[in-house]
Amino acid sequence: MSSEKMMVSGDVTMETVPALFAQGLQHLSSKDLVVDLSQTQAVDSAAVSMLLAWQRAAQNGQRALQIVDISKNLLSLAKLYGVEEMLPKQSA
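This is a predicted model, so every value here is computed, not measured.

Moving on, we get to helix α3 (residues 72-80). Residues L74, L77 and A78 constitute the buried set of α3. One side of α3 carries all its buried residues, which in axial view fall inside an arc of 100°. Facing away from the buried side of α3, by more than 90 degrees, are the exposed residues K72, N73, K79 and L80. In the core, the buried residues of α3 are packed alongside β2 (32-43) and α2 (45-60). Just past α3, the residue G82 takes up positive phi, approximately 75°.

Following this line, the structure appears as structure tokens:
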């Protein structure tokens, strides 16, 4: 099964998540997805929601979703909301 890589950069906030979310869903509709977050800057709770929604979409479509380079800020938010364990597994 082929996999596609999606580079996410800049702010991942309520303002930017709708477009990013749609882009991720488009990739997941036909391929497994590797999301690289190494270039992200500001994040808010919308970023956590987006990752969880992508995870649900991947599971529903029987696709694999892998996250690379989750920032400490994003992990802190996920931990704060008690959903850190639900995030797609980060590759080493």
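Glancing now at the side chain of Q55. The residue Q55 is located in helix α2 in this model. On the basis of relative accessibility, which here comes to 19%, the residue Q55 falls in the buried class. Residues contacting Q55, with those up to four places away along its chain left out, are L65, M86 and P88.

Turning our eyes to something else, we now look at the packing of helix α1 (residues 17-28) against α2. The interhelical angle for the contact between α1 and α2, taken along N-to-C directions, is 20°, at an axis separation of 10 Å. The pairing of α1 with α2 is recorded here as roughly parallel in orientation. Crossing hand, α1 versus α2: right-handed. Within the contact between the two elements, α1 uses V17, L20, F21, G24, L25 and L28 and α2 uses A46, A47, M50, A53, W54, A57 and A58. By residue class, the composition of the contact of α1 with α2 is 12 nonpolar, one polar and no charged.

Conventions we followed
Residues numbered from 1 in each chain as written. Predicted model: local features only at pLDDT ≥ 70, side-chain atom pairs only at ≥ 80, totals over all residues. Heavy atoms only, no water. Buried < 20%, exposed > 50% of the residue type's maximum accessible area, 1.4 Å probe, protein only. Helix = DSSP H or I, 4+ residues; strand = E, 2+ residues; numbered from the N terminus. Arc of directions from axis to C-beta. Contact = heavy atoms within 4.5 Å. Axes fitted to C-alpha atoms, helices over the stretch in contact; angles between N-to-C directions. Parallel < 35°, antiparallel > 145°, perpendicular 65-115°, else oblique. Left-handed = near helix turned anticlockwise from the far one by under 90°. Nonpolar A, V, L, I, M, F, W, Y, C, P; charged D, E, K, R; others polar.

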